[in-house]
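Descriptive structure summary
These are the residues of each chain, in order.
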Amino acid sequence: MSMRLLHCVELVVLLSVYAKPEETPSFDTPAVNVTCQAGETAILPCRINSLGGRQVVWQNPQRTAILHNERRLWDDPRFSSHRPYIKDWNLSIMLVRPTDEGIYTCSISTTPPLTKVIRLYVQVPPKIIDSLSSRNMIVREGQTVILICNVTGAPYPEVKWYKWITLKQKDEAINGFRGEMLVIHNISRNCDAMYQCEASNAVGQVVRDISVKVEFAPEVRLPNKRIGQQVGKNTVLECIVTAYPHGSTFWMYKGREIQRSSQHHLEIYDEGHNTVTLSLRIYELSATDFGRYTCVAKNKIEMIEMDMELYGKL
């Protein structure tokens, strides 16, 4: 063997001994969670060190390959490769949908393959479904009332219930009631109000107002059940009626309804809170005006009567 050939063989041996072996690729982190709001663009990170000539494949939660290196395999233009730096093999999802949520994998074509797991969470602002939620209602006193706020969203919204005190002030959250249904047993007129359900999660809040009107039979109260007055004087009889809805309220004397006349003046005063005062003023009393007067209040539920006495004084 010649000296030249011997040197070549020695050189090949030395190169094979001292040649730097190919580095094993690695991910910056083995797993990561990504949270994105629906409608935004989600970037699922996959940074790879020492990739060399190996291939990168992305799979969706259904284990379908959607990217091979930078080429899209999935028939959805929202999915694409995002590579701001040479080591980045990120997956970009535009206009993210709730159905995109799940576990994605970024894999390297080693033997066996190296895989990074990325969990995508899609947040959706709360929404109250109008067709499945309660509307304004009128109920009868004593009934059981169910108010419903059917909601959607991700994370699933928390629902609280409030009762309005005035048009500008609402009460603290109704104790013990969380969830999409508020049940009021044996409802009374004191429960007549505007109720509000509030649905909230990490990305938003929505509210819905529901008016509840409670119907009840009239209640009649007489400030004075006996009044004395002298002949020739004037006097006033008052009857206070609370009801919802109000029907008709009037005074009767000797079985006949008293009408407005030169001797009788009738006036109704709205006192608020479903209450009115019916005032009867009688001018220049005569002996025939003394006796029993009846206040009558009626609505579609019931008719109530209450008597008072007007007597003559010396």
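Structural notes, computed from the coordinates. (Residues numbered from 1 in each chain as written. Predicted model: local features only at pLDDT ≥ 70, side-chain atom pairs only at ≥ 80, totals over all residues. Heavy atoms only, no water.)

What about the sheet that holds strand S25 (residues 291-298)?
Sheet architecture is open: five strands sit in the order S19-S26-S25-S21-S22, paired in mixed fashion. Whereas interior strands pair on both sides, the edge strands pair on one side only; in this sheet they are strand S19 (226-229) and strand S22 (256-257). Here six bridges tie strand S21 (residues 248-253) to S25, and the two strands are oriented antiparallel to one another. Its bridge partner being in S25, Phe250 is matched across the sheet by Val296. (Pairing = 2+ DSSP bridges. Helix = DSSP H or I, 4+ residues; strand = E, 2+ residues; numbered from the N terminus.)

With respect to the nonpolar core
Leu44, Ile48, Trp58, Leu91, Tyr104 and Leu120 are the most contacted members of the largest nonpolar core, which has 23 residues in total. Mapped by element, the contributors of at least two residues to this core are strand S2 (31-37), strand S3 (42-44), strand S5 (56-59), strand S6 (65-68), strand S9 (90-93), strand S10 (102-108) and strand S11 (114-128). Look past the residues within four positions of Leu91 in its chain and what remains in contact with it is Ala42, Ile43, Leu44, Trp58, Ile66, Leu67, Phe79, Ser80 and Tyr104. Core analysis: the second largest hydrophobic core is formed by 21 residues, Val220, Leu222, Val241 and Ile258 among them. (Core = buried A, V, L, I, M, F, W, Y, C linked by side-chain atoms within 4.5 Å. Buried < 20%, exposed > 50% of the residue type's maximum accessible area, 1.4 Å probe, protein only. Contact = heavy atoms within 4.5 Å.)

Some words on the state of the cysteines
Tallied over the entire structure, the rule returns three disulfides. In this model, Cys46 is linked to Cys106 through a disulfide, with the two sulfur atoms separated by 2.0 Å. The sign of the S-S torsion, about -75 degrees, decides the handedness of the disulfide formed by Cys46 and Cys106: left-handed. Note that Cys46 is positioned in the loop between S3 and strand S4 (48-49) and Cys106 in strand S10, a separation of 60 residues in sequence. For the pair shown, Cys46 and Cys106 are each scored as buried. (Disulfide = S-S within 2.5 Å.)

Quick word on the sheet that holds strand S8 (residues 79-82)
Spatially, the three strands line up as an open sheet ordered S3-S9-S8, and their pairing is antiparallel. Edge positions in the sheet fall to S3 and S8, since each of these pairs with one other strand and no more. Each strand of the sheet is rotated relative to its neighbour by a mean of 30 degrees, with strand direction disregarded. Relative to S9, S3 runs antiparallel, the two being bridged by three bridges. Along S9, the bridge assignment pairs Ile43 with Ser92. (Axes fitted to C-alpha atoms, helices over the stretch in contact; angles between N-to-C directions.)

Focus on unusual backbone geometry
Along the chain, Thr111 connects to Pro112 via a cis peptide bond; the corresponding omega equals -5 degrees. Position of Pro112 relative to the elements: it lies in the loop between S10 and S11. Residue Pro155 is bonded to the preceding Ala154 through a cis peptide linkage, with omega at 0 degrees. Residue placement: Pro155 occurs in the loop between strand S14 (151-154) and strand S15 (158-163). We note that Asn69 has phi near 55 degrees; this positive angle belongs to a residue other than glycine. Phi is positive for Lys254, close to 55 degrees, though the residue is something other than glycine. As for its placement among the helices and strands, Lys254 is situated in the loop between S21 and S22.

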